[in-house]
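Structural description and commentary
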Amino acid sequence: MSRARRAALCAVALPLLLAGCSQVAALAPVGGDAEAAARIATIDVLLAQGVELGEAPQCASTDETIRCTGTTADGEQIEAQATTAADSPLEVSIAGTTVFTGTVADVIGEASRPTPGSTP
């Protein structure tokens, strides 16, 4: 590879790599429907609590209620419930025990904050 091509490649790749490193912690859904937001929030809650997933929760809605189901790596049932409202409450349970109560917006907002020590 010629010296000019190598320099051009580095000039393009380096900013992309650096931008990716500092922005990963800030990733959050920027579009999609209430089901997608509920699913992302449910998975964020589980991962934050150190729950290993067997089958990642999948969500479906009926009227204004969203229900998500999945399993842990140990085969325990994961269930979450939310609504289609903008400030939807979220309740996540594992094997019938509630492990989180809050809102979808709070979970997604928390996940979008940079982690300590990361570059904003």
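The structure under discussion appears in the preceding block.
Quantities reported herein were computed from a predicted structural model and do not represent experimental measurements.

Considering the overall build of the protein
Looking only at helices and strands, the protein has three helices and five strands in total. When burial is assessed residue by residue, the protein has 22% of its 120 residues classed as buried. Once local pairs closer than 6 in sequence are excluded, the contacts in the protein between residues at least 24 apart make up 31%. Of the roughly 7,800 Å² that the protein leaves accessible, carbon and sulfur atoms contribute 57%.

Overview of the pairing of strand β4 (residues 89-94)
In summary, the side chains of a regular strand alternate between the two faces of the sheet. For strand β3 (residues 77-83) and β4, the ladder comprises four bridges, and the chain directions are antiparallel. Note on β4: the bridge partner recorded for E79 is S93. Linking β3 back to β4 in an antiparallel pair, the connection comprises five residues. Adjacent in sequence and paired antiparallel, β4 and strand β5 (residues 97-103) are bridged by two residues, among which A95 carries a positive phi angle near 50 degrees.

Quick word on helix α2 (residues 34-48)
Given a rise of 1.5 Å per residue, 15 residues ought to cover 21 Å, and the 21 Å separating the end C-alpha atoms of α2 matches this to within 8%. For α2, the secondary structure elements touched by its buried residues are β1 (53-62), β2 (65-72), β3, β4, β5 and α3 (104-111). Phi for G50, located one or two positions after α2, is positive at around 75 degrees.

Focus on the side chain of S93
Mapped onto the secondary structure, S93 falls in strand β4. Setting aside anything within four residues of it in sequence, one finds S93 in contact with Q77, I78, E79, T98 and V99.

A word on the state of the cysteines
Under the defined criterion, the tally for this structure stands at one disulfide. Here C59 engages in a disulfide with C68; their sulfurs sit 1.9 Å apart. Across the disulfide from C59 to C68, rotation about the S-S bond amounts to roughly 105 degrees, and the bridge is consequently right-handed. Here C68 falls in the buried class, since its relative accessible area comes to 3%.

Some remarks on the sheet that holds β1
If you walk across this open sheet you meet the five strands as β1-β2-β3-β4-β5, and the pairing is antiparallel. Two strands lie at the open edges of the sheet, namely β1 and β5, each paired on one side alone. Within the sheet, the average angular offset between the axes of one strand and its neighbour, ignoring direction, is 15 degrees. Across six bridges, the pairing between β4 and β5 is antiparallel. Bridging across to β5, P89 finds its partner in T103. In the packing of α2 onto the sheet, the strands contacted are β1, β2, β3, β4 and β5, and the crossing angle to β1 comes to about 150 degrees. Contacts between α3 and the sheet are confined to β3, β4 and β5, with β5 contributing the most and set at about 85 degrees to the helix.

Criteria and thresholds
- Residues numbered from 1 in each chain as written.
- Predicted model: local features only at pLDDT ≥ 70, side-chain atom pairs only at ≥ 80, totals over all residues.
- Heavy atoms only, no water.
- Helix = DSSP H or I, 4+ residues; strand = E, 2+ residues; numbered from the N terminus.
- Buried < 20%, exposed > 50% of the residue type's maximum accessible area, 1.4 Å probe, protein only.
- Contact = heavy atoms within 4.5 Å.
- Areas by Shrake-Rupley, 256 points an atom, 1.4 Å probe, with all protein chains shown as cover.
- Pairing = 2+ DSSP bridges.
- Expected span 1.5 Å × (residues − 1).
- Disulfide = S-S within 2.5 Å.
- Axes fitted to C-alpha atoms, helices over the stretch in contact; angles between N-to-C directions.

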